Amino acid sequence: AMLGWPEADIPIFQLAVQPYMTPAHHIALGRKLAPLREEGILVMGSGSATHNLRRLMRGQHGAKPEPWAAAFDDWVAETVAKGDEQALANYRTEAPHARDAHPTDEHFLPLHVAFGAGGKGAKGKPLHRSFTSANLSMAAYSFS
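Not measured: the values here are computed from a predicted model.

1. Concerning the overall build of the protein
So, point 1. Helix and strand counts for the protein stand at six helices and four strands.
So, point 2. Secondary structure elements of the protein occur, N-terminal to C-terminal, as α-α-α-α-α-α-β-β-β-β.
So, point 3. Over its C-alpha atoms the protein spans a radius of gyration of 15 Å, differing by no more than 12% from the 15 Å that the globule rule assigns to 144 residues.
So, point 4. Principal-axis analysis of the C-alpha atoms places the extent of the protein at approximately 40 × 35 × 25 Å.
So, point 5. Taken over 144 residues, the protein has a buried fraction of 41%.
So, point 6. In the protein, the share of contacts with a sequence separation of at least 24, taken over all contacts with a separation of at least 6, comes to 69%.
So, point 7. Put simply, the protein shows about 8,600 Å² of open surface, and 57% of that area lies on carbon and sulfur atoms.

Here you go:
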């Protein structure tokens with residue numbers, strides 16, 4: 001928040017993901033936050049579209065994305081653009097290379113909360129897409 005709001009003049013509260021609950025649970029959690037949009041409240045999720053620290057090519061920030069990471073990242077972009085809630089909820093079986101992209105769920109679940117907070121029928125629009133260290137996606141989306 002320091003970079004986005006250096007004056008620290010807005011209230012911020014943190015909501016922890018529940019790593020032993022499903023992606024569908026996190027979408028439903030986000031849906032409960034959706035009415036906050038009407039009050040001008042921003043719901044922001046912070047994780048990674050791909051997050052496998054064992055596979056990082058450290059120090060190679062400009063390296064071309066590995067094919068498995070690019071395929072998963074493209075799947076995320078296409079899936080949120082369509083607003084495909086079922087596919088997001090079932091990403092473990094629907095997305096290519098899901099296990100490589102996310103050995104565990106916790107760094108991907110913030111996307112599910114943010115998607116849910118976009119409201120019923122939300123679609124995602126990319127704000128930024130890039131990679132660092134050959135397989136760490138820095139993608140950011142807005143949902144509405």
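2. As for helix α2 (residues 67-82)
So, point 1. The terminal C-alpha atoms of α2, which comprises 16 residues, lie 22 Å apart, in line with the 22 Å expected from a rise of 1.5 Å per residue.
So, point 2. Regarding α2, the residues found buried are Trp 68, Ala 69, Phe 72, Asp 73, Trp 75, Val 76, Ala 77, Thr 79 and Val 80.
So, point 3. Count one or two residues on from α2 and you reach Gly 83, which has phi positive near 70 degrees.

3. Some words on unusual backbone geometry
So, point 1. One non-glycine residue, Ser 133, lies in positive phi territory at about 55 degrees.
So, point 2. Looking at the element boundaries, Ser 133 is found in the loop between β2 (131-132) and β3 (136-137).
So, point 3. Overall, Ser 133 belongs to the buried group, its relative accessible area being 6%.
So, point 4. Positive phi, close to 75 degrees, is recorded for Ala 134, a residue that is not glycine.

4. What to know about the packing of aromatic side chains
So, point 1. Per the stated rule, a full pass over the model turns up six aromatic pairs.
So, point 2. Seen in terms of ring centroids, Tyr 91 and Phe 108 are 4.7 Å apart; in terms of plane orientation they differ by 65 degrees. Their pairing is edge-to-face. Residue Tyr 91 is located in helix α4 (residues 91-94), and its partner Phe 108 is located in the loop between α5 (98-101) and α6 (109-117); the two are separated by 17 residues in the primary sequence.
So, point 3. With 6.4 Å between their ring centres and 35 degrees between their planes, Tyr 141 and Phe 143 make a pair best called tilted.

5. Considering the layout of surface pockets
So, point 1. By volume, the largest pocket amounts to about 960 Å³.
So, point 2. Forming the walls of the largest pocket are 26 residues, and the residues nearest its centre are Ile 12, Phe 13, Val 43, Met 44 and Gly 45.
So, point 3. Of all the elements in the fold, those that place two or more residues in the lining of the largest pocket are α1 (23-33) and α6.
So, point 4. In terms of residue class, the lining of the largest pocket is built from 20 nonpolar, five polar and one charged.
So, point 5. In this structure, the second largest pocket encloses a volume near 630 Å³.
So, point 6. In terms of lining residues, the second largest pocket is bounded by 27 residues, among which Gly 45, Ser 46, Ala 114, Ala 140 and Tyr 141 are the most central.
So, point 7. Sorting the residues of the lining of the second largest pocket by element identifies α6, β3 and β4 (140-143) as the ones contributing at least two each.

Definitions and limits used
- Residues numbered from 1 in each chain as written.
- Predicted model: local features only at pLDDT ≥ 70, side-chain atom pairs only at ≥ 80, totals over all residues.
- Heavy atoms only, no water.
- Helix = DSSP H or I, 4+ residues; strand = E, 2+ residues; numbered from the N terminus.
- Rg over C-alpha atoms; globule rule 2.2 N^0.38 Å.
- Buried < 20%, exposed > 50% of the residue type's maximum accessible area, 1.4 Å probe, protein only.
- Contact = heavy atoms within 4.5 Å.
- Areas by Shrake-Rupley, 256 points an atom, 1.4 Å probe, with all protein chains shown as cover.
- Expected span 1.5 Å × (residues − 1).
- Phe/Tyr/Trp six-rings, centres within 6.5 Å; stacked < 30°, edge-to-face > 60°.
- 1 Å grid on protein atoms, 1.4 Å probe; cavity = no way out; pocket = protein on both sides within 12 Å on 5 of 7 lines; lining within 4 Å.
- Points joined across faces, edges and corners; volume = space filled by probe spheres on them.
- Nonpolar A, V, L, I, M, F, W, Y, C, P; charged D, E, K, R; others polar.

The values are spatial; any link to function lies outside them.
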